[in-house]
Amino acid sequence: MTTVTSTKFAKSEELFRRAQQRTPGGVNSPVRAFRGVGGTPLFLARGEGSRVFDVDGNAYIDYVGSWGPMIAGHRPPFVMEALRQALAIGTSFGAPTGQEVEFAELIAKMVPSMEMVRLVNSGTEATMSALRVARGFTGRDLTIKFEGCYHGHVDSLLVKAGSGMATLGIADTAGVPAAFAATTIALPYNSIAAVEKVFAERGGKIAAVIVEPVVGNMGCVPPAPGFLEALRSLTEKHGALLIFDEVMTGFRVAPGGAQQRFSIRPDLTTLGKIIGAGLPMAAYGGRADVMKKIAPVGPVYQAGTLSGNPLAVSAGLAMLRHLAAHPEIYETLEARAAQLTAWTPPGVTVNRVGSIFTFFFTDQPVSDWESAKRSDTARFAKFFHFMLERGIYLAPSQFEAAFLSSAHSEADIRATIDAAKEFFSRE
Ligand code: HOZ
């Protein structure tokens, strides 16, 4: 029997009630459950340009953008056309296609450190595989990661992780054998001294340093000047690999990602989100001598039935071609995001890199997980619901970033600023 409620979210509420009977927490990925802000998650019916529409018919200016992929907004015509053409051919072959070759060539052109590339289906698979090949290449087991960075739900990387782990306050997840977690050393983001110390003590055992070059998963936290450079030189000095997790920043903060923006060449890179243009796809790649350790050429095994799926590759190829052909998009994104974050609300710290940004509800600078977690999450939750009521859809957690798309107009930006200013003036 259907429960009828009188709120403007009645259909979402009903779907959420049913979903919780059959899916843990009613969602297929934890942060979506609104646990960080309370209330009922919106069940979405469709998206178009800068807008999403929920099942109750409410429209929202969308700053989630599917958590990053929708850099050109929802249903960009060039992606829709590529998908139409791909559908006419077939949805999966489990065999190589010509488009995969073109795609790998274009990725290598846009991100030159990725001399060789493997396509996988999610960011988690990409980081898991990159870590495995780093271990296989170096013959070492330990990994350095940073507190508040999130690299998917890879067993050994769920240590002091950001995103849903930060939102739900889970420090170390159940189900990960202690021996796996023990291969990870979690250090404060932006602390060169902490990384130097660990390398001085255990440098010969460290296979890789994995880092979000701009953190998106504790909210947006930029790298301090010199931090990425120090990671590069310390890994080089000690024979460890530097892995840039560019699942969020890839094709987002520059056509060639954070490594282009900050002029650092990592050994390995992981990509997700924009690379699939909203379809399930990710990639890892890097130095040819490292990537040649992967089967069938080398002894490091990694495989996938749907890897290089023709629909996902068509969409991704259309997206990357579009971004490569229109570098002016990055200037527009930069200008609009700067406009959106040019004012500082009282008691709030705004962090932004390109079109990724976060309003942290603290008046102190946010440069790592210790400072991010001082944010007033209850105040953020009030802000979130106020904005939602005014038709603005933000990520339902203080510890996630907002993403702007090229479909967001100046009018969208103005409407967003007006709503936010109203919140702060009424508070
Ligand atoms: N881990 C994603 C954001 N950091 C959330 C993905 C989702 O819930 O869809």
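Right above here is the structure, for reference.
If you're wondering where the values come from, they're calculated on a predicted model, not measured in any experiment.

Engineer: How do you make sense of the sheet that holds strand E5 (residues 142–146) when you look at a structure like this?
Structural biologist: Strand order in the open sheet made by the seven strands is E4-E10-E9-E8-E7-E5-E6, with mixed pairing throughout. Lying at the two open borders of the sheet, with one neighbouring strand each, are strand E4 (116–120) and strand E6 (184–187). With direction set aside, neighbouring strand axes in the sheet form an average angle of 20 degrees. Of the pairings in the sheet, the one linking E5 to E6 comprises four bridges and is parallel in character. The partner of Phe146 across the bridge, within E6, is Leu187.

Engineer: Honestly, the sheet that holds strand E12 (residues 356–360) in this entry has me stumped. Any pointers?
Structural biologist: By way of backbone hydrogen bonds, the strands of a sheet pair with one another, either parallel or antiparallel. The three strands are arranged E11-E12-E14 in an open sheet whose pairing can be described as antiparallel. Both outer strands of the open sheet, strand E11 (349–353) and strand E14 (402–403), are each paired with one neighbouring strand and no more. Of the pairings in the sheet, the one linking E12 to E14 comprises two bridges and is antiparallel in character. Directly across from Phe357, in E14, lies its bridge partner Ala402.

Engineer: Can you walk me through helix H4 (residues 123–138) in this structure?
Structural biologist: In an α-helix, one turn spans 3.6 residues, which is why side chains three or four residues apart end up on the same side. Taking 1.5 Å of rise per residue, 16 residues should cover 22 Å, and H4 covers 22 Å from first to last C-alpha, within 8% of that figure. Positioned one or two residues after H4, Gly139 has a phi angle of 70 degrees, which is positive.

Engineer: Would you explain the site of the ligand in this entry?
Structural biologist: Taken together, the residues surrounding the ligand are Ser29, Arg32, Trp67, Tyr150, Ser163, Asn217, Met248 and Glu400. Measuring from an oxygen atom of the ligand, one finds a side-chain N or O atom of Trp67 at 3.2 Å. Glu400 is positioned such that a nitrogen or oxygen atom in its side chain is 2.9 Å from a nitrogen atom of the ligand. Taking 290 Å² as the accessible area of the ligand by itself, protein coverage stands at 87%. Considered class by class, the residues forming the shell around the ligand number three nonpolar, three polar and two charged.

Engineer: Explain the pattern of salt bridges here, please?
Structural biologist: Side-chain pairing between opposite charges can occur once the charged atoms of the two side chains come close. On inspection of all chains with the given rule, the structure shows 19 salt bridges. Among the salt bridges present, the one from Arg84 reaches Glu81, with a minimum N-O distance of 3.2 Å. You can see Arg84 and its partner Glu81 sitting in helix H2 (residues 77–87), three residues apart, about one turn around the helix. By relative accessible area, which is 34% here, Glu81 ends up partly exposed. One salt bridge connects Asp267 with Arg232, and the closest N-O pair in it is separated by 2.9 Å. Separated by 35 residues along the polypeptide, Asp267 in the loop between helix H9 (257–261) and strand E9 (268–271) and Arg232 in helix H8 (residues 227–238) bring together distant segments of the chain. Judged on exposure class, the residue Asp267 and its partner Arg232 are both buried. Salt bridges linked by common partners bring Arg232, Glu236, Asp267, Arg287 and Asp289 together as one network.

Quick notes on the rules
Residues numbered from 1 in each chain as written. Predicted model: local features only at pLDDT ≥ 70, side-chain atom pairs only at ≥ 80, totals over all residues. Heavy atoms only, no water. Pairing = 2+ DSSP bridges. Helix = DSSP H or I, 4+ residues; strand = E, 2+ residues; numbered from the N terminus. Axes fitted to C-alpha atoms, helices over the stretch in contact; angles between N-to-C directions. Expected span 1.5 Å × (residues − 1). Near = heavy atom within 4 Å. Polar contact = N/O pair within 3.5 Å; in protein donor to acceptor, adjacent residues only side chain to side chain. Areas by Shrake-Rupley, 256 points an atom, 1.4 Å probe, with all protein chains shown as cover. Nonpolar A, V, L, I, M, F, W, Y, C, P; charged D, E, K, R; others polar. Salt bridge = Lys/Arg side-chain N within 4 Å of Asp/Glu carboxyl O. Buried < 20%, exposed > 50% of the residue type's maximum accessible area, 1.4 Å probe, protein only.

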